[in-house]
Amino acid sequence: MADFNVNLRNIETVSVIEVKGYLDAHTAPELENIFNQLLDKKQFKVVVNFDELKYISSAGLGVFMAYVETMRENNGDIKFTNLKENVFNIFDLLGFPILYEFYKDEKEAVQKFNLQG
Amino acid sequence: MRAKIKIIHASGLENAVLFSIALLLFNLIFPKHDSTLLSIVNEALVFFTIFFLYNYLHQFLSSKTDTPISLVINVGILAALLYFILAITNSILDAEDGRVSVSFVNSLFSILLVFVFMGAIVYIFTTFRELFYLRQKKDHSMYFKTMLVFFALSFFSNLLLLFDAALDYLRDAFYVVTIVLICLNSVRVAWIAFLTKRQKYYLLILAIILSVVFGMVFAQVSDSKTMKQLLYVFSPGLLTLFSLVAIYGAVYFGVIFFTTLFHLPTAEAFDRKAEEVSSMMDLTKLITQVFDFKELADTVTTMTARVSNSDSAWLATKIEKGIELNSVHKVGYIDAENISKDILSLVEESYDRLEIVDCSLLNNLTKNNYNQYKSIAISPLKVHGNINGYLFAARNQESTFDKEDRNAIQAFADYAAVALENAKLIKESIEKERLEKEFDVARDIQKKILPSKIPSTETLDISALFVPAFEVGGDYYDFFELENNKLGFVVADVSGKGISAAFIMAEVKGVFKSLSKIIFSPRELLIKANEILNGSIDKKNFVTAVYGIIDRKNGKLRLARAGHTPILICSNRTIQKIQPAGIGLGLSYSASFANSLREMEIQLKNNDIVVCFSDGIPEAKNSNKEDFGYDRFESLISLNCHKNLEAVSNVIIKELSLFSRDYSQHDDITLVLFKWNQKQ
């Protein structure tokens, strides 16, 4: 239905997921696939770049909730960067900023991972 | 109907029996037909006996035309019997003294012998008639009827000799014309084409034997003195008829022999075509009945192999990753799969039409070796231009697939494609029905969960409006009557849709309903609710909620928000957004949930409106995928806040549906309004 695109790349030990378009119940499984791949490769440090994301539904949010625990248990995390204002508002309303780290810029998030070791 | 037919049969037989008895008695009483009158009466009796017997046998035999070979065999047995009788009588009686005693001729035995002859020729002739009409596309009955007339004329022409012996030229003329007509009618042998190859071989041998037998019967009856005289004395017309039928038999079976001979080379092709047609008919029937695609695929591969003269056949459908075999016929699963993959790897895209793959080429290109096959035909299963799979037919002989074979394979592939599509559609519609049922159930649950009564009072007016989405969302609101004239309320939204959301909603209702009776702080209540929900909702799901308590005595509102949309308070046309900190229920079960959650207390003023809603309102979209947003929402409230609550809520819903009229409603919409009326 709605267009959605997801792209995965690596910066050193950190995996960067770029999400584009509309992330809802129909497109969420695509993102889940990416997370499953990361778990298979034992890559737990994840940065999600929202630069080109236009919309996120509760099903889209659910994907991050489903995987964050595993990432943190394995000394990793999911960090969010480059959120548009409307997308950030959705996260903010739900209280995500209390539970997740949000950054303006992708580099910052990657650096944070590197500092943590 | 059946009874009627029986009566006709019986009456036909009755007449025949009646006349033959009359004929028998007549011949016993008048052994010699000395006078002309006696001869005429005798001939008439013979004629009618034959006529009625013919009519009866015609009805009897016409029901057996499905098996022409057995009719031919019956004729053959009778012809052989006639020849046998003729040969015996000739050798015994002719040898005696060459002259037949009158007493013998007139004995009962000789009459019975004549009756046997009469019955046999009528049976043979009737069979010829049935064969003549068998499988005729055009109406040629004129020819046959003319012949019948000349048979009768030949029969009666013998009587002319009684008046004037010089009239024998007339008899001979009728005789010759009848023979010509016999020859003309003998070429109507359309039924031969419809026999199977085996039956044709059979008929070929039968026809040559019968042609010779009939020739010999004719020769015997012309040569012999005894039988000829016997028949002639009994009835001259019968002798003529007998020789004519013998000629007919010889000519007809001669023609059949040559026709069958010429049909033999095409017999195989004809067989195959016939098989193809009948297989197609079977398949068509199957398509409308079979819901199980596997069963149909088995039929398709079996029939394809048979009709296209292939040694093996198999059918594969396209799946996400490559292909899946549905049915194999006389080939191993692994082999078929490997061959299919190799053949498909020969081309970049897919096979758009039927192609023949030479296996030597395949063996060169791939590591695998398929010695068992020489050539393989591959035909796509195409519906609406989409290829859903392939039908394969493989041969181990050198002979290539000719046009007929390819057409047959293509036809079966087309049928399989349609059947595949049907099976898919049926599956989809069942699934759709199931989903619709699920939605119905979910909607039902939701309806029952929402409060049926709105507890409005003089001081606190309340309006609640709920618009369900097509796919049931998880909106929920409720009111709880508390002690000291206080009112508790909750507006919540369960993430997810359908039946799973409805179940969580039911659980959430239970949690809030019971907690509202024991915890009177909104913050404490939400913290407890989060603890209870731990483990009972999926990691992926969460619930946003606002819980508040309004004191109806003094207009004090206390509330806490767990990730839910903010609360709007409209006070004298200005909107205040109340958004105390707090994360959604189910997002975190650690201390951070309680640590971040804040409670607020607000003193309502007279005519203040408190607006609680779900994200279905600000996130409603128009055809350009723009949000309805908070600005439109807030301005609508402030513009209409002087009206009563029903009117405010109606205006909002009207504007909202106008805005998103070209876009389907994705989420439930909930709007709960409170208006505080301070007692004067």
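Residues numbered from 1 in each chain as written. Chains lettered and ligands numbered in written order. Predicted model: local features only at pLDDT ≥ 70, side-chain atom pairs only at ≥ 80, totals over all residues.

Some details on the overall build of chain A
In terms of regular secondary structure, chain A is built from five helices and five strands. The helix and strand sequence of chain A, counted from the amino end, reads β-β-α-β-α-β-α-α-β-α. Going through the 117 residues of chain A one by one, you find that 40% of them count as buried. Partitioning the contacts of chain A with sequence separation of at least 6, the portion at a separation of at least 24 is 69%. (Helix = DSSP H or I, 4+ residues; strand = E, 2+ residues; numbered from the N terminus. Buried ≥ 20, exposed ≤ 12 C-beta atoms within 10 Å, placed from the backbone. Contact = placed C-beta atoms within 7 Å.)

Examining the overall build of chain B
From N to C terminus, chain B includes 19 helices and 15 strands. Looking at chain B as a whole, 37% of its 680 residues are labelled buried. The contacts of chain B with a sequence gap of at least 6 include a subset with a gap of at least 24, amounting to 71%.

Quick word on the interface of chain B and chain A
If you look at the interface, chain B gives 17 residues, while chain A gives 11 residues. Its residues assigned to classes, the side of chain B that touches chain A comprises three nonpolar, 11 polar and three charged. (Nonpolar A, V, L, I, M, F, W, Y, C, P; charged D, E, K, R; others polar.)

With respect to the sheet that holds strand β3 (residues 355-358) of chain B
The pairing of strands in a sheet comes from backbone hydrogen bonds and takes either a parallel or an antiparallel form. All names here are of chain B. With antiparallel pairing, five strands are arranged side by side in an open sheet as β2-β1-β5-β4-β3. Because the sheet does not close on itself, it has two edges, and the strands there are β2 (323-329) and β3. Strand-to-strand twist across the sheet, computed as the mean angle between neighbouring axes with direction ignored, equals 25 degrees. Inspection of the sheet shows strand β1 (residues 312-318) paired to strand β5 (residues 386-395) by six bridges, in the antiparallel sense. Within the sheet, the bridge partner assigned to Leu315 lies in β5 and is Leu391. Lying over the sheet, helix α12 (residues 333-345) contacts β1, β2, β3, β4 (375-383) and β5, oriented at roughly 130 degrees with respect to β2. Lying on the sheet, helix α14 (residues 403-449) is in contact with β1, β4 and β5; it crosses β4 at an angle near 40 degrees. (Pairing = 2+ DSSP bridges. Axes fitted to C-alpha atoms, helices over the stretch in contact; angles between N-to-C directions.)

Notes on helix α19 (residues 645-659) of chain B
Structural remark: α-helix, 3.6 residues per turn; residues separated by three or four positions point the same way. All names here are of chain B. Taking 1.5 Å per residue, 15 residues should reach 21 Å; α19 reaches 21 Å between its end C-alpha atoms and fits that length. Within α19 the residues assigned to the buried category are Leu645, Val648, Ser649, Ile652 and Leu656. Buried positions in α19, seen along its axis, are confined to an arc of 90 degrees and lie on one side of it. In α19, the exposed positions angled more than 90 degrees off the buried face are occupied by Glu646, Ala647, Lys654 and Leu658. On its buried face, α19 sits against β6 (460-467), α18 (629-640) and β15 (669-676). (Expected span 1.5 Å × (residues − 1). Arc of directions from axis to C-beta.)

Observations concerning the packing of helix α2 (residues 36-62) of chain B against helix α6 (residues 141-163) of chain B
All names here are of chain B. Where α2 meets α6, the axes come as close as 11 Å, and the angle between the chain directions of the two elements is 175 degrees. As the angle between them shows, α2 and α6 are arranged roughly antiparallel. Contacts from Thr36, Ser39, Ile40, Glu43 and Phe47 of α2 reach α6 at Phe155, Phe156, Leu159 and Leu162. Here the contact of α2 with α6 is built from residues that sort into six nonpolar, two polar and one charged. (Parallel < 35°, antiparallel > 145°, perpendicular 65-115°, else oblique.)

Re the nonpolar core
Residue and element names in this part refer to chain B. If you look at the biggest cluster of nonpolar residues, it comprises 97 residues, and the most contacted ones within it are Val490, Val508, Ala545 and Val611. Not counting the four nearest positions on each side in its chain, Val611 is found in contact with Ile567, Leu568, Cys570, Ile637 and Leu673. If you look at the next biggest cluster of nonpolar residues, it comprises 61 residues, including Phe19, Phe125, Val213 and Phe214. (Core = buried A, V, L, I, M, F, W, Y, C linked by C-beta atoms within 7 Å.)

Some details on the pairing of strand β1 (residues 4-11) of chain A
Residue and element names in this part refer to chain A. In terms of strand pairing, β1 meets strand β2 (residues 14-23) through eight bridges, oriented antiparallel. Bridge pairing links Val6 to Val19 in β2. With antiparallel pairing between neighbouring strands as the criterion, β1 and β2 make up a hairpin whose turn holds two residues, including Glu12 at a positive phi of roughly 55 degrees.

Observations concerning the environment of B:Lys225
Its place among the elements puts B:Lys225 in the loop between α8 (197-223) and α9 (226-234). Considering only alpha carbons, one finds B:Lys225 and B:Asn90, 135 residues apart in sequence, at a separation of 7.5 Å.

Considering the packing of α18(B) against α19(B)
Residues and elements named next belong to chain B. Two elements in contact, α18 and α19, have axes separated by 10 Å at closest approach and are oriented at 145 degrees. Once α18 is placed against α19, the crossing between them reads as right-handed. Contacts from Leu636, Ile637 and Asn640 in α18 reach Ala647, Val648, Val651, Ile652 and Glu655 in α19. Each residue belonging to the contact of α18 with α19 can be placed in one class, and the counts come to six nonpolar, one polar and one charged. (Left-handed = near helix turned anticlockwise from the far one by under 90°.)

Some thoughts on the confidence of the model for chain B
Residue and element names in this part refer to chain B. The pLDDT averaged across chain B works out to 85; a share of 94% of its residues lies at or above 70. Across residues 1-8, confidence stays below pLDDT 50; counting only partners more than four residues off in sequence or on other chains, it has one contact. For this predicted complex, the interface score ipTM comes out at 0.90, alongside a pTM of 0.56. (pLDDT = per-residue confidence, 0-100.)

Details of the sheet that holds strand β12 (residues 574-578) of chain B
Residues and elements named next belong to chain B. If you walk across this open sheet you meet the five strands as β6-β15-β14-β11-β12, and the pairing is antiparallel. Whereas interior strands pair on both sides, the edge strands pair on one side only; in this sheet they are β6 and β12. Within this sheet the neighbouring strands show an average axis-to-axis angle of 20 degrees, counted without direction. In this sheet, β15 lies alongside strand β14 (residues 609-613) in antiparallel orientation, the contact comprising five bridges. Across the sheet, Ile609 pairs through a bridge with Lys675, a residue of β15. Those strands touched by α19 are β6 and β15, and its axis lies near 25 degrees from that of β6.

A word on unusual backbone geometry
All names here are of chain A. Phi is positive for Asn75, close to 65 degrees, though the residue is something other than glycine. Following the sequence through the fold, Asn75 ends up in the loop between α2 (58-73) and β4 (77-81). We classify Asn75 as exposed; it has 10 C-beta atoms within 10 Å. The backbone phi angle of Asn82 is positive, close to 55 degrees, even though this residue is not glycine.

What about α2(A)?
Residues and elements named next belong to chain A. With 16 residues, α2 should cover 22 Å at 1.5 Å per step; its first-to-last C-alpha distance of 24 Å lies within 8% of that length. All buried positions along α2 are accounted for by Ser58, Ala59, Gly60, Leu61, Gly62, Val63, Phe64, Met65, Tyr67, Val68 and Met71. Summarising the contacts, the buried residues of α2 are in contact with β2, α1 (28-40), β3 (45-56), β4 and α3 (85-94). Looking one or two residues past α2, Asn75 carries a phi angle of roughly 65 degrees, positive in sign.

Topic: the environment of B:Leu113
Mapped onto the elements, B:Leu113 comes out in helix α5 (residues 108-133). Taking the C-alpha atoms as reference points, B:Leu113 and B:Met227, separated by 114 residues in sequence, lie 9.5 Å from one another.

Notes on the pairing of strand β10 (residues 556-562) of chain B
A regular strand places its side chains so that they alternate between the two faces of the sheet. The buried fraction of β10(B) is high, at five of seven residues. A loop of four residues connects strand β9 (residues 543-551) of chain B with β10(B), the two strands running antiparallel in sequence, and B:Gly555 in this loop sits at a positive phi of about 75 degrees.

Observations concerning the environment of B:Ile69
All names here are of chain B. Tracing the backbone shows Ile69 in helix α3 (residues 68-96). Residue Ile69 is classed as partly exposed on the basis of its C-beta count, with 16 C-beta atoms lying within 10 Å. Taking the C-alpha atoms as reference, Ile69 lies 8.9 Å from Leu195; in sequence the two are 126 residues apart.

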